[in-house]
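So the chains spell out like this:
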Amino acid sequence: NFIEENLVFIMNMYYSLTIILVFLGLASGFVVYSKNQSAAGFFIVSNVFMVGGVTIYAISEWGLLPLNFFTKNSIMIGSVIEMIILSSGIAYKIKQISDEKIELLRATTAHKQQLNVALVEGEKYERKRIADELHDSVGAHLSLLKNHVIRKLGNDDEFTEEIDMLSQEVREISHKLLPSTLSIL
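Conventions adopted
Residues numbered from 1 in each chain as written. Predicted model: local features only at pLDDT ≥ 70, side-chain atom pairs only at ≥ 80, totals over all residues. Heavy atoms only, no water. Helix = DSSP H or I, 4+ residues; strand = E, 2+ residues; numbered from the N terminus. Buried < 20%, exposed > 50% of the residue type's maximum accessible area, 1.4 Å probe, protein only. Contact = heavy atoms within 4.5 Å. Areas by Shrake-Rupley, 256 points an atom, 1.4 Å probe, with all protein chains shown as cover. Lys, Arg positive; Asp, Glu negative; His and termini not counted. Charge placed at Lys NZ, Arg CZ, Asp CG, Glu CD. Phe/Tyr/Trp six-rings, centres within 6.5 Å; stacked < 30°, edge-to-face > 60°. Axes fitted to C-alpha atoms, helices over the stretch in contact; angles between N-to-C directions. Parallel < 35°, antiparallel > 145°, perpendicular 65-115°, else oblique. Nonpolar A, V, L, I, M, F, W, Y, C, P; charged D, E, K, R; others polar. Core = buried A, V, L, I, M, F, W, Y, C linked by side-chain atoms within 4.5 Å. Patch = residues over 30% accessible without salt bridge, like charges linked within 9 Å, V, L, I, M, F, W, Y side chains within 5 Å. Salt bridge = Lys/Arg side-chain N within 4 Å of Asp/Glu carboxyl O.

*Asks:* Outline the overall build of the chain, supporting the account with residue identities and numerical values.
*Replies:* Along the backbone of the chain there are six helices and zero strands. Its helices and strands taken in sequence order, the chain reads α-α-α-α-α-α from the N to the C terminus. The dimensions of the chain, computed from C-alpha atoms along their principal axes, are 135 × 30 × 25 Å. The 185 residues of the chain split such that 21% are buried. Taking contacts inside the chain between residues at least 6 apart in sequence as the whole, the part at least 24 apart equals 60%. A total accessible area of about 13,800 Å² is found for the chain, and carbon and sulfur atoms account for 67% of it. The chain carries 16 positive and 21 negative side-chain charges, and their two centres are separated by 4 Å.

Structure below.
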């Protein structure tokens, strides 16, 4: 009789402690849910079914509800419903992470495209700058050199032809460096 009374007391304490722990879990779910974690809603709802199952079982063990199939198996029924809801919550969270990953991939791709456009524009700018520098500076210096040679040496065809060929090469390189859209203008 003493063992039976202690066993009943231990079981009642076990049920009470289980209910308290489940309520604490439920409270923590509400805290997480309040921090904009929508997946915590699945945890809360599943915990409600588990709490309900444990509560019904404990109340029936205390003799406040009649023993029947539902009250005898209420913890198992609550657990099954809890697992189904938690599985749905996991699927929801996986979908949420997948959607975030896709959005991040889209943003990364858009950023890469912007970088590529900026790179091409920078290359065009630099090519135009170098072409202008070759044409304006080097070309002008070659013209001055040709005039200087003509004045100092007279009309020496060998030197002036070399300078003309060099000027032509600089002009061709300058035109080749120009981006195609700019060379049309």
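Back to the write-up after that little detour.
*Asks:* For the packing of aromatic side chains, give the residues involved together with the corresponding values.
*Replies:* Inspection of every chain in the model, using the stated rule, returns one aromatic pair. Between phenylalanine 42 and tyrosine 92, the ring centres sit 5.3 Å apart and the planes meet at 40 degrees, which makes this aromatic pair tilted. Placement of phenylalanine 42 in helix H2 (residues 40-61) and of tyrosine 92 in helix H4 (residues 74-153) is noted, with a sequence separation of 50 residues between them. By relative accessible area, phenylalanine 42 is classed as partly exposed at 26%.

*Asks:* Can you explain the packing of H4 against helix H5 (residues 157-177)? Please cite residues and give values.
*Replies:* How two helices sit against one another is set out by the angle between their axes and by the gap between those axes. Two elements in contact, H4 and H5, have axes whose closest approach is 9 Å; the angle formed by their N-to-C orientations is 170 degrees. For the element pair H4 / H5, the angle class is roughly antiparallel. A per-class count over the contact of H4 with H5 returns 15 nonpolar, five polar and five charged.

*Asks:* So what's going on with the environment of leucine 134? Which residues, and what values?
*Replies:* Positionally, leucine 134 belongs in helix H4. Classification of leucine 134 as partly exposed rests on a relative accessible area of 21%. Expressed as a C-alpha distance, the spacing of leucine 134 and serine 38, which sit 96 residues apart in the sequence, is 64 Å. Residues contacting leucine 134, with those up to four places away along its chain left out, are Gly139, Val170, Ile173, Ser174 and Leu177.

*Asks:* Pulling in residues and values, what's your account of the nonpolar core?
*Replies:* Tyr15, Ile19, Met50, Val54, Tyr57 and Ala58 together form the largest nonpolar core, which totals six residues. Where this core is concerned, the elements lending two or more residues are helix H1 (2-34) and H2. At four residues, the largest contribution of residues to this core is made by H2. When neighbours within four sequence positions are excluded, methionine 50 is seen to be in contact with Ile75, Gly78, Ser79 and Glu82.

*Asks:* Give me the lowdown on a negative patch on the surface, citing residues and values where you can.
*Replies:* Negative charge collects at one region of the surface, where Asp157, Glu158, Glu161 and Glu162 lie side by side. Summarising the element assignment, glutamate 162 is placed in helix H5.

*Asks:* If you had to explain the pattern of salt bridges to someone new, which residues and values would you point to?
*Replies:* Opposite charge on two side chains lets them pair, provided their charged atoms get close. Evaluation of the coordinates by the stated rule reveals seven salt bridges. Between lysine 124 and glutamate 121 there is a salt bridge, and its shortest N-O distance comes to 3.9 Å. With lysine 124 and glutamate 121 both in helix H4 and three residues apart, the pair spans about one turn of that helix. Among the residues examined, lysine 124 registers a relative accessible area of 30% and is labelled partly exposed. Judged by its relative accessible area of 45%, glutamate 121 is partly exposed. Between arginine 127 and glutamate 123 there is a salt bridge whose closest N-O contact spans 3.8 Å. Highlighted residues: arginine 127 and glutamate 123, both in helix H4, separated by four residues, approximately one helical turn. Since its relative accessible area comes to 46%, glutamate 123 is described here as partly exposed.

By themselves these figures say nothing about function.
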